[in-house]
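Here is how the chains run, residue by residue.
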Amino acid sequence: MATFGNLSDRLTATFRNLRGKGKLTPADIDGTVREIRRALLEADVALEVVKEFTGKVRERALGDEVNKALNPAQQVVQIVNEELVTILGGQQRRLEFAKKPPTVIMLAGLQGAGKTTLAGKLAKWLVKEGHTPLLVAADLQRPQAVQQLQVVGGQAGVPVFAPEPGNGVGNPVRVAKDGVKEAERKQYDTVIVDTAGRLGIDAELMKQASDIRKAVDPDEVLFVIDAMIGQDAVTTARAFQDGVDFTGVVLTKLDGDARGGAALSVASVTGRPIMFASTGETLDDFEPFYPDRMASRILDLGDILTLIEQAQQAFDEEEAAKVAEKFATDSFTLDDFLKQMQQLKNMGSIKGMLGMLPGARGMREQLDNFDEREITRTEAIIQSMTLRERTTPKLLNGSRRVRIARGSGTTVTDVNQLVARFEQASKMMKTVAKGGVPQVPGMGPIPGAGYGGKKKAVQQKKGSRSGNPAKRAAENAALSQGVKPAGAAAASGSGFGLGGGAGKAGGPSEEELNSLQKFLGR
């Protein structure tokens, strides 16, 4: 989400200025809309989209839904969120599969947008969804494009149909048609056709893409666009819509640091939904596009649903149950700790996951300074230990730690810090497993949580509290002889001044209790 980082920072700063106001005036709303307009324009969002967006926000913000709201500032954020979802396409749309396989998916876009890599990402995602895709190398123009698709296909574990060597040799239309026939013959249920691109829009590119579309009659035509392309994104999208008429959009390079707001304009300008987003370099950095979740990320409201989905895919429920049992029985070892770290690594980028938490923009500096290689170093340290050392960390004396540091390419300080973190985590998890609340280092037990051990009963000194020295000495002498001083009973009663009950020394009489009952209406 680095692409929309600057836009997110500007918008959250704008809303921060509204939080302290109990009622918003038209001037406040005009100022807010002005800042939103500037933020969108600086992010390269198309001017026509900005005008329409800010017009709707201003109209709704000046309406009754804000004036009657208990928290006007939050209501304005909600309005911006809803309108942002609208320009991102509204509802999420999934791929539509053919009733009679194979489903043909054609990829189109400019050269350098990342079509070939995206073909592998889409194929791997389809395999996870239970499909059997076939990649077709119909990009015969770009040097080494066929070889690149074969490498990507091998990484994704998906077969590639490449009868022509490429590099300007071969007929892409015939390759695409033969690829569909190959899928029918070998019963692949999905065909992904990787087509050629150009550095810019030209007649030859559009004619070739149009001919391939007519030849294979695809069920889906996905327009692949670089999220960092700038204002040219709208022009390119309209040209491909007129020439090829795509059915959906795929955003690539969302992990880049450019402004990238022009990508927000594509769905609004073309009327075609954004269906997928590529968020990194590996084949797993690919996800379906949800307009509501993306809007929440841009406004720094978090994306907990995507985070949960990633966790469900990466973590094994049986393994999690075993770990919970080990926590409860105090048998959690460094070997188990290693497995947990590896599962966390399988979820993807730690920075990306932390960025999905609400308010993550406030931790921008910490996230930027976070070193993803820390997990790799932790793995190396634990794997340099013997099995016995992993199960019994108390064996790790000075000489063993030196050996582990040398074997893992780290320092003894790194080993010491890992062991300390492991022991701390074990204590915290053991407390959680037993139903307690862990004591956070540097913060102490959470107030009201009942953790931190039973408080020792403080024994109050029995004696007179009188400010008169002579009276205090007399009362203390009486207490030492077992005689209760006069007036002591009243001081030892309840918060209402009542003593131990009727009939007892210093307690209320029957008459006093009857009058109290009458007063209470009983």
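Refer to the structure printed above.
Before going into details, it helps to say that this report is about the structure given with it. Computed from a predicted model, the values in this text were never measured in an experiment.

Thresholds applied
Going along each chain's sequence as written, the residues are numbered from 1 onward. Only residues with pLDDT of at least 70 are given local features in this predicted model, and only at 80 or more are side-chain atom pairs given and counted; all residues enter the totals for whole chains, interfaces and linings. No hydrogens and no water enter the side-chain calculation; it runs on all heavy atoms of the structure. When a carboxyl oxygen of Asp or Glu lies within 4 Å of a side-chain nitrogen of Lys or Arg, that pair is called a salt bridge. The helix and strand labels rest on DSSP assignments: H or I over at least four residues marks a helix, E over at least two residues marks a strand, and numbering proceeds from the N terminus. Buried, partly exposed and exposed residues are distinguished by accessible area as a fraction of the type maximum, computed with a 1.4 Å probe on protein chains only: under 20%, between the cut-offs, and over 50%, respectively. To estimate the expected span of a helix, count its residues, drop one, and scale the result by 1.5 Å. It is the directions from the helix axis to the C-beta atoms that the arc portrays. As defined here, a cavity is a set of points on a 1 Å grid over the protein atoms alone where a 1.4 Å probe fits but cannot get out. A pocket is an open set with protein on both sides within 12 Å along at least five of seven lines, and residues line them when an atom is within 4 Å of a point. Grid points are joined across faces, edges and corners, and a volume is the space filled by probe spheres set on the points. Any residue that is not Ala, Val, Leu, Ile, Met, Phe, Trp, Tyr, Cys, Pro, Asp, Glu, Lys or Arg is counted as polar, Gly included; the first ten are nonpolar and the last four charged.

Let us now look at the pattern of salt bridges. Counted under the stated rule, the structure contains 21 salt bridges. A salt bridge links lysine 56 to glutamate 52, with the shortest nitrogen-to-oxygen separation between them at 3.4 Å. Taken together, the residues span about one helical turn, with lysine 56 and glutamate 52 both in helix H3 (residues 47-61) at a distance of four residues. In this structure glutamate 52 comes out as partly exposed when scored by relative accessible area, which is 42%. Of the charged contacts, one joins aspartate 139 and arginine 142 as a salt bridge, the two residues approaching to 3.7 Å between their closest N and O atoms. Within this structure, Arg60, Glu82 and Glu83 form a network of salt bridges that share partners.

Between its first and last C-alpha atoms helix H10 (residues 232-243) spans 16 Å; for 12 residues at 1.5 Å apiece the expected length is 16 Å, and the two agree. Of the positions making up H10, those classed as buried are Ala233, Val234, Thr236, Ala237, Phe240 and Gln241. Take H10 and look down its axis: the buried residues cluster within an arc of 165°, on one side only. Facing away from the buried side of H10 by more than 90 degrees, the exposed set consists of Thr235 and Asp242. After H10 finishes, the residue aspartate 245 shows a positive phi value of roughly 60°.

Moving on, we get to empty space enclosed by the protein. If a probe as big as a water molecule is rolled over the atoms, it shows which places are left empty. Inspection of the entire model under this criterion finds two cavities of 30 Å³ or more. There is about 40 Å³ of room inside the largest cavity. Surrounding the largest cavity, Leu18, Leu24, Asp28, Ile29, Thr32, Val33, Val57, Ala61 and Val76 form its lining. Within the residue set of the lining of the largest cavity, elements represented by two or more residues are helix H2 (26-42) and H3. Considering each element in turn, the lining of the largest cavity owes the most residues, four residues, to H2. Of the residues that constitute the lining of the largest cavity, the class distribution is seven nonpolar, one polar and one charged.

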